[in-house]
Amino acid sequence: MTQVKQLWITGLVPAVFSPMHADGSLHLEMVPRLVEHLVQNGAAGLYVCGSTGEGPSLTSAERQAVVEAYVQAAAGRLPVIVQVGHDSLAEARQLAAHAQAIGADAISAVPPVYFRIDSLETLLDCLADITAGAPGLPFYYYHIPRLTAARIDVVRFLQLGAQHLPNLTGVKYSDFTVFELQACASLESGRFNMLFGSDEMLLAGLVGGAQGAVGTTYNFAAPLYNQIIAAYRRGELNEAQRLQGLSVRMLEAINRYATAATNLPAMKAMMKIIGLDCGPLRLPLTNPTAQQLETLRAEMQSIGFFEWGQRRQAP
């Protein structure tokens, strides 16, 4: 039986962007700058090729190139989790195998989303197929039902998954039902590493038992969220609530530029605003206009974001 690498993540894990040139081709030369910025801002890991990284919009070869760039830039300083989910299970399994071969620290996956799963048992069968490609790496199920429509009982998933998925380590829990997150975190005396995926509710996730968090805003506002975590751990709940309120204000401004599908256009634009331009999004996602970008920048200034959201100068 293959020995599974041990991993237990606490703290912030930015869901990183896949930087692109103006023509939409990958701009991998940007990755080292992004990683240095995240390391300096206290990241506890990197989550690559998820929703933020536009994994579904990249070819498998491009996804492999992005993963290789992040693993090389991280250079063992912080763990790299690779999202390998794909509508083709064979492709997902190959992406998992590639992640293990190049030295990534863990894999994660959404289920197929075009032909959707019809039961928890089907989900487990799909994930067993995928994780067979990287039997030595910890596996985090990516639970994001608003995108996948896979609305499952996550507690039951963990109970059954522990029997069918030898490398199941935890869940990237990108939903808002904190009571379920809490049940997962307390299951079997805290056996599973629960990573909360709703940035605007980080404090609620910590109270619910999440040990860490994966999110997009940690790319450009990690100092704020690290203060929330620190205040919570010191038992200063009022201060943690005040800081979380700043996060809510920031996201209210960002969400004014959201499309019907996602707020990712404004999220990626925020990287340009802080001096780390990650380029445009690929179709079918659309990009903010120059006017919208300047208005967003002005709104960030008006709410004080550059004082409490970004305390360190990007390299």
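These numbers come from a predicted model, not from an experiment. (Residues numbered from 1 in each chain as written. Predicted model: local features only at pLDDT ≥ 70, side-chain atom pairs only at ≥ 80, totals over all residues. Heavy atoms only, no water.)

**Points about the overall build of the protein chain**
Then, number 1: Of the regular secondary structure elements, the protein chain holds 13 helices and eight strands.
Then, number 2: The C-alpha radius of gyration of the protein chain comes to 18 Å, within 12% of the 20 Å expected for a compact globule of 315 residues.
Then, number 3: The C-alpha extent of the protein chain, read off along each of the three principal axes, is 55 × 45 × 35 Å.
Then, number 4: Taken across its 315 residues, the protein chain has 57% of its residues classed as buried.
Then, number 5: Of all intrachain contacts in the protein chain linking residues separated by at least 6 positions in sequence, the fraction that spans at least 24 positions is 73%.
Then, number 6: Surface accessibility of the protein chain: about 13,000 Å² in total, with carbon and sulfur atoms responsible for 53%. (Helix = DSSP H or I, 4+ residues; strand = E, 2+ residues; numbered from the N terminus. Rg over C-alpha atoms; globule rule 2.2 N^0.38 Å. Buried < 20%, exposed > 50% of the residue type's maximum accessible area, 1.4 Å probe, protein only. Contact = heavy atoms within 4.5 Å. Areas by Shrake-Rupley, 256 points an atom, 1.4 Å probe, with all protein chains shown as cover.)

**Some details on the sheet that holds strand S6 (residues 168-173)**
Strand pairing in a sheet is mediated by backbone hydrogen bonds. Such pairs are either parallel or antiparallel.
Then, number 1: Pairing is parallel across the open sheet formed by eight strands, whose spatial order is S1-S8-S7-S6-S5-S4-S3-S2. With partners counted over all chains shown, the strands left at the sheet margins are strand S1 (11-14) and strand S2 (46-48), one partner each. Strand-to-strand twist across the sheet, computed as the mean angle between neighbouring axes with direction ignored, equals 25 degrees.
Then, number 2: In the sheet, S2 pairs with strand S3 (residues 80-83) via three bridges, with the strands oriented parallel. (Pairing = 2+ DSSP bridges. Axes fitted to C-alpha atoms, helices over the stretch in contact; angles between N-to-C directions.)

**Topic: the environment of Gly 275**
Then, number 1: With respect to the helices and strands, the residue Gly 275 is situated in the loop between helix H11 (264-273) and helix H12 (290-302).
Then, number 2: Residues Gly 275 and Phe 139 lie 136 residues apart in sequence; the distance between their C-alpha atoms is 33 Å.

**As for the packing of aromatic side chains**
Then, number 1: The full count for this structure, using the stated rule, is seven aromatic pairs.
Then, number 2: With centroids separated by 5.0 Å and ring planes inclined at 90 degrees, the aromatic side chains of Tyr 114 and Phe 115 adopt a geometry described as edge-to-face.
Then, number 3: For Tyr 114, a relative accessible area of 64% corresponds to the exposed category.
Then, number 4: On the accessibility criterion, Phe 115 (69% relative accessible area) is exposed.
Then, number 5: Each member of the aromatic cluster is reached from another via a ring pair, and the members are Phe 220, Phe 305, Phe 306 and Trp 308. (Phe/Tyr/Trp six-rings, centres within 6.5 Å; stacked < 30°, edge-to-face > 60°.)

**Some remarks on the packing of helix H10 (residues 237-255) against H12**
Then, number 1: Remark: H10 packs on H12, axes separated minimally by 10 Å, with the N-to-C direction vectors making an angle of 165 degrees. Relative to H12, the element H10 lies roughly antiparallel. Two packed elements cross with a definite hand, and for H10 against H12 that hand is right-handed. Within the contact between the two elements, H10 uses Met 250, Ala 253 and Ile 254 and H12 uses Leu 296, Glu 299 and Met 300.
Then, number 2: Looking at the contact of H10 with H12, its residues break down into five nonpolar, no polar and one charged. (Parallel < 35°, antiparallel > 145°, perpendicular 65-115°, else oblique. Left-handed = near helix turned anticlockwise from the far one by under 90°. Nonpolar A, V, L, I, M, F, W, Y, C, P; charged D, E, K, R; others polar.)

**So, H11**
Then, number 1: Burial runs high along H11: nine of the 10 residues are buried.
Then, number 2: The complete set of buried residues in H11 reads Leu 264, Pro 265, Ala 266, Met 267, Lys 268, Ala 269, Met 270, Met 271 and Ile 273.
Then, number 3: Those residues of H11 that are buried are in contact with helix H1 (31-40), helix H9 (218-233), H10, H12 and helix H13 (305-308).
Then, number 4: Just past H11, the residue Gly 275 takes up positive phi, approximately 95 degrees.

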